[in-house]
Amino acid sequence: MNYQKYIQFSKKIAAGLLLLGMAACSGDTNETASTADPEELAAQEAAAASEAADLASAAGGEGTWGDIVYGDPNAPVEIIEYASLTCPHCASFAAEVFPRIKENYIDTGKVKFIYRNFVMNQYDMVASIAARCKSPEVTKRLMKVFFDRQAEWVGSEDRVGALANLARRAGGLSRTQFDRCIANREMQQHLAKMTQDGAVRYNVNATPTIIVDGSTVDITSWENIEKAIEDELS
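Predicted, not measured: the structure shown is a model, and the values here were computed from it.

Novice: Explain the packing of aromatic side chains here, please?
Specialist: Ring pairs (aromatic) are described by centroid distance and by the angle formed between their planes. Overall, the coordinates contain six aromatic pairs when judged by the stated rule. Relative to Tyr202, the ring of Tyr82 lies with its centre 6.1 Å away and its plane at 45°, an arrangement referred to as tilted. Of this pair, Tyr82 sits in strand 2 (residues 77–83) while Tyr202 sits in helix 9 (residues 185–202), and the two are 120 residues apart along the sequence. You'll find Tyr82 and Tyr202 in the same group, each marked buried. With centroids separated by 5.0 Å and ring planes inclined at 70°, the aromatic side chains of Phe98 and Phe113 adopt a geometry described as edge-to-face. Of the two residues, Phe98 sits in helix 3 (residues 88–106) while Phe113 sits in strand 3 (residues 111–117), which places them 15 residues apart along the sequence. Judged by its relative accessible area of 1%, Phe113 is buried. Three or more aromatic residues joined by ring pairs make a cluster, and in this case those are Tyr70, Phe98 and Phe113. Cation over ring: Lys140 sits above Tyr70, and NZ or CZ is 4.5 Å from the ring centre. The aromatic ring of Tyr123 is capped on one face by Arg159, whose charged end is 4.8 Å from the ring centroid.

See below:
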């Protein structure tokens, strides 16, 4: 993808995101549970899962579509995170809080943790698509690298080039594969819809937003998250 084509690509993404009314990255989230009827919410979730499966099938199994799931799919408690790969609060959560959830609850079979993209700008879209270019295992590896090295690539004069280099080293993507992947219109639309669905279903208006069994949790302290999980386990 040459420079001019990338500019056109990024402008199209930015225009699409503006239509969604993107929120700013924030470390504060309210405690408002989803206002949707539980049965309606379950139907919406099922429809989204079916759509993701159809997209994966149409793509011939290439790439990671839909939810990125950590842990036992049948775990008693479900946590959903909506996050942005360009959000520093999300990077902090990934580095400091997620490992505690993983050690105490995911690895012990108590929690299924679902990551969903809440795309906030064109570079977030590029990073989000790039992370999903290959298998779920590679996706998880690239997401960790993109969060760990966020300050480096976000601060680069050539953010796309910096992402491409990280994707090559950590995910084995050549520049040709990277460019072809981030130009995937179906994935762009899929992640834009995932973002919109988060705003509509769960009132997501900041990142990261953490939802424990349908209710948004105040993430200003680990104790709040721990209590929300333990309450659902009891």
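Resuming the write-up.
Novice: Would you explain the pattern of salt bridges in this entry?
Specialist: Here the idea is simple: oppositely charged side chains can pair when their charged atoms come close. As enumerated under the stated definition, the model contains twelve salt bridges in all. The closest approach of N and O atoms between Lys193 and Glu51, which form a salt bridge, is 3.5 Å. Residue Lys193 is found in helix 9, and its partner Glu51 is found in helix 2 (residues 38–58); the two are separated by 142 residues along the sequence. The class for Glu51 is partly exposed, based on a relative accessible area of 31%. The closest approach of N and O atoms between Lys102 and Asp107, which form a salt bridge, is 3.2 Å. Using a relative accessible area of 34% as the deciding quantity, one classes Lys102 as partly exposed. The network of salt bridges with shared partners includes Glu45, Glu51, Asp67, Arg116, Lys193, Asp197 and Arg201.

Novice: Honestly, helix 9 in this entry has me stumped. Any pointers?
Specialist: Residues three or four positions apart in an α-helix share a direction because the helix packs 3.6 residues into each turn. Taking 1.5 Å of rise per residue, the 18 residues of helix 9 would be expected to cover 26 Å, and the 26 Å separating its terminal C-alpha atoms lies within 8% of that figure. Turning to helix 9, its buried residues number three or more, namely Met187, Gln188, His190, Leu191, Ala192, Met194, Thr195, Asp197, Gly198, Arg201 and Tyr202. The N-cap residue of helix 9 is Asn184: its side-chain oxygen and the backbone nitrogen of Glu186 are 2.9 Å apart.

Novice: Help me out: how do you make sense of the sheet that holds strand 1 (residues 68–70) in this one?
Specialist: By way of backbone hydrogen bonds, the strands of a sheet pair with one another, either parallel or antiparallel. In spatial order, the strands read 1-3-2-4-5; together these five strands make up an open sheet with mixed pairing. The outermost strands of the open sheet, each flanked by one partner alone, are strand 1 and strand 5 (215–217). Within the sheet, the average angular offset between the axes of one strand and its neighbour, ignoring direction, is 25°. Two strands pair when backbone bridges link them, and strand 2 and strand 3 are joined in this way by seven bridges, in the parallel orientation. In the strand pairing of strand 3, Val77 is matched with Val111. Helix 10 (residues 222–233) rests against strand 2, strand 3, strand 4 (209–212) and strand 5 of the sheet, and its axis sits at about 145° to strand 2.

Conventions and cut-offs
Residues numbered from 1 in each chain as written. Predicted model: local features only at pLDDT ≥ 70, side-chain atom pairs only at ≥ 80, totals over all residues. Heavy atoms only, no water. Phe/Tyr/Trp six-rings, centres within 6.5 Å; stacked < 30°, edge-to-face > 60°. Helix = DSSP H or I, 4+ residues; strand = E, 2+ residues; numbered from the N terminus. Buried < 20%, exposed > 50% of the residue type's maximum accessible area, 1.4 Å probe, protein only. Lys NZ or Arg CZ within 6 Å of the ring centre and 35° of its normal. Salt bridge = Lys/Arg side-chain N within 4 Å of Asp/Glu carboxyl O. Expected span 1.5 Å × (residues − 1). Polar contact = N/O pair within 3.5 Å; in protein donor to acceptor, adjacent residues only side chain to side chain. Pairing = 2+ DSSP bridges. Axes fitted to C-alpha atoms, helices over the stretch in contact; angles between N-to-C directions. Contact = heavy atoms within 4.5 Å.

Remember, this is a structural readout, not a statement about activity or role.
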